[in-house]
Amino acid sequence: MSSIPPVLRLYRRFARFPGGKGLFARAVCWRAPYFGTIRPRVEALDTGRSVWSMRKRRAVHNHIGTVHALAMGNLCEIAAGTGMEATVPRGWRWIPKGMTIEYLKKAETDISAEATLDPALCTRRGDVPVSVSVRNTAGEEVVRAVITMYVSEAKS
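Cut-offs applied
- Residues numbered from 1 in each chain as written.
- Predicted model: local features only at pLDDT ≥ 70, side-chain atom pairs only at ≥ 80, totals over all residues.
- Heavy atoms only, no water.
- Helix = DSSP H or I, 4+ residues; strand = E, 2+ residues; numbered from the N terminus.
- Expected span 1.5 Å × (residues − 1).
- Buried < 20%, exposed > 50% of the residue type's maximum accessible area, 1.4 Å probe, protein only.
- Axes fitted to C-alpha atoms, helices over the stretch in contact; angles between N-to-C directions.
- Left-handed = near helix turned anticlockwise from the far one by under 90°.
- Contact = heavy atoms within 4.5 Å.
- Nonpolar A, V, L, I, M, F, W, Y, C, P; charged D, E, K, R; others polar.
- Pairing = 2+ DSSP bridges.

Student: Which parts of the structure should I look at to understand helix α3 (residues 69-85)?
Tutor: Because the α-helix completes a turn every 3.6 residues, residues three or four places apart line up on one side. Between the first and last C-alpha of α3 there are 24 Å, a value that for 17 residues agrees with the 24 Å anticipated at 1.5 Å per step. Within α3, 13 of the 17 residues are buried, which leaves the element mostly enclosed by the surrounding structure.

This is the structure we're talking about:
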């Protein structure tokens, strides 16, 4: 049996083909439909790291025409969640426990979120902080978040 988490194995299989990353993103949104509201795109996924992006479009605007705070929070959550899913070893599970988020600047362009975590923390019961940095197209950080995930052994 492979030691690579199933979601990472699936991503790697899809990413090899043209349009494969788009199909992978759609599959994630099918499994967790709320993520589909922002139409996220996966850019990279590996153990300890996940990068997702979204376009600035009217459906995610707030009243002043910038990307809505909760849409950015949603992007943070999909990046953190897929990063965890690609990192937690077989026999372990995770669930979001909390989120701290700082809105540093208006998001006036398309944005991308990079989630990073320490894989060594995913093999013991307890809280795992996942750091997420959201940047605009100029590379400026517009949001900084830490999503706390609770990791435990899966019930057999």
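Past the structure itself, the notes keep going.
Student: Explain the packing of helix α1 (residues 6-15) against helix α2 (residues 20-31) here, please?
Tutor: The description of two packed helices rests on the angle between their axes and on the distance between the axes. Their axes nearest at 7 Å, the elements α1 and α2 cross at an angle of 145°. In the packing of α1 onto α2, the handedness of the crossing is right-handed. Side by side, α1 and α2 meet where Val7, Leu10, Tyr11, Phe14 and Ala15 of the first sit next to Gly20, Lys21, Leu23 and Phe24 of the second. For the contact of α1 with α2, a count of residues per class yields 7 nonpolar, 1 polar and 1 charged.

Student: So what exactly am I meant to see when it comes to the sheet that holds strand β1 (residues 41-46) here?
Tutor: Hydrogen bonds along the backbone pair up the strands of a sheet, which may run parallel or antiparallel. Taken in spatial order, the 6 strands of this open sheet run β1-β2-β4-β5-β6-β3, and their pairing is antiparallel. Across the chains shown, the open sheet's two edge strands, defined by having one partner strand only, are β1 and β3 (92-103). Strand after strand, the sheet turns through a mean of 20° between neighbouring axes, direction not considered. Relative to strand β6 (residues 141-153), strand β5 (residues 126-136) runs antiparallel, the two being bridged by 10 bridges. Counted as the bridge partner of Val128 is Met149 from β6. Packed on one face of the sheet, α2 meets β1 and β2 (49-54) and runs near 90° to β1.

What is shown is where atoms sit, not what they do.
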